[in-house]
Amino acid sequence: MALYAISDLHLSFGTDKPMNIFGAKWENYTEKLKYNWQSKVCSDDVVIIPGDISWALYIEEAYEDFKFLNSLSGTKVIMKGNHDYWWTTVSKMEKFFAENNFNSIKILNNNAYMYNKTAVCGTRGWNFPTPNATGEDKKIFEREKIRLVLSLENAKEKSPDEIIVAMHYPPLSEENYEFIDIMKEYGVSRCVYGHLHGPSHATAYEGIKENIEINLISCDYMNFDPLFLKK
């Protein structure tokens with residue numbers, strides 16, 4: 001068994017959203033992703049996907065995207081990104097996956113997923129509040145902090161040996177460490193995140209902060225190749 005992570009698949013098999021408009025790197029990206037994935041991920045492995053999975057507006061429109069995802073090896077633990085407009089209630093998503101036999105897809109939403117004795121936790125995150133941020137943005141940001149705590153509390157109940165956090169948005173900025181402070185309180189060892197593309201890669205944070213290893217795992221940053229996290 002092995003644990004991997006990759007974010008921002010931006011699948012569009014059921015919608016007209018060609019990703020090559022964002023640069024040549026995205027040419028034939030689903031073929032690249034499938035080749036790299038199938039070359040390393042085995043049936044008993046787990047892959048964390050923290051958001052921006054499908055361009056579909058409604059979950060029914062995402063059928064072909066999830067059919068593709070389900071066909072790939074391993075269990076996929078999915079989270080919500082800012083472009084996952086199809087995302088609905090957990091019960092509706094689980095019903096959709098069950099009805100279509102997408103049995104390899106699991107949802108991470110205010111809970112923790114156990115990989116052996118490692119707890120996988122997380123939340124979407126949000127843009128860090130600025131002095132000019134709207135009240136709604138501040139409200140969403142605070143709600144995301146609560147959701148991270150809920151996920152970590154669920155992990156705590158399961159007595160893990162290690163905790164890994166996945167987020168869609170970056171977990172820190174130069175001025176704001178609020179998500180990192182929460183992770184530190186719960187003894188998180190690693191955090192992976194996505195959301196950033198193209199020129200944003202140049203300033204993305206990767207490294208160690210408060211003894212937490214932090215990695216950017218956006219699809220284009222990873223050259224469409226899932227990041228190995230641990231055995």
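Provided above is the structure to which this section pertains.
These figures come from a predicted structure and were not determined experimentally.

Once that is clear, we can look at the side chain of serine 218. Inspection of the secondary structure puts serine 218 in the loop between β10 (212-216) and β11 (227-230). In this structure the side chain of serine 218 is engaged in a polar contact, spanning 3.4 Å, whose partner is the backbone nitrogen of histidine 195. In contact with serine 218, not counting residues within four places along its chain, are Ser7, Asp8, Tyr193, Gly194, His195, Leu196, His197 and His201.

Taken together, the buried positions of helix α2 (residues 63-71) are occupied by Asp65, Phe66, Phe68 and Leu69. Down the axis of α2, the buried set is contained in an arc of 155°. They therefore lie on one face. Where α2 is buried, its residues contact α1 (29-40), β2 (46-50), β3 (75-79), α3 (90-99) and β4 (105-107).

Before going further, it helps to examine the packing of α1 against α2. It is the contact of α1 with α2, at a shortest axis distance of 11 Å, that shows an interaxial angle of 25°. Classed by the angle they form, the pair α1 and α2 counts as roughly parallel. Within the contact between the two elements, α1 uses Thr30, Leu33, Lys34, Trp37 and Gln38 and α2 uses Phe68, Leu69 and Ser71. Class assignment of the residues belonging to the contact of α1 with α2 gives a composition of 4 nonpolar, 3 polar and 1 charged.

Here we take up the pairing of β2. β2 sits mainly inside the fold: 5 of its 5 residues count as buried. The side-chain alternation of β2 yields two buried faces, one formed by Val46, Ile48 and Pro50 and the other by Val47 and Ile49. Where β2 and β3 come together, 5 bridges link them in parallel fashion. What sits directly across from valine 46, in β3, is threonine 75. Once the chain exits β2 it traverses α2 before rejoining the sheet at β3, and the crossover so formed is right-handed.

The rules we used
Residues numbered from 1 in each chain as written. Predicted model: local features only at pLDDT ≥ 70, side-chain atom pairs only at ≥ 80, totals over all residues. Heavy atoms only, no water. Helix = DSSP H or I, 4+ residues; strand = E, 2+ residues; numbered from the N terminus. Polar contact = N/O pair within 3.5 Å; in protein donor to acceptor, adjacent residues only side chain to side chain. Contact = heavy atoms within 4.5 Å. Buried < 20%, exposed > 50% of the residue type's maximum accessible area, 1.4 Å probe, protein only. Arc of directions from axis to C-beta. Axes fitted to C-alpha atoms, helices over the stretch in contact; angles between N-to-C directions. Parallel < 35°, antiparallel > 145°, perpendicular 65-115°, else oblique. Nonpolar A, V, L, I, M, F, W, Y, C, P; charged D, E, K, R; others polar. Pairing = 2+ DSSP bridges. Right-handed = clockwise from strand over helix to strand, strands pointing away.

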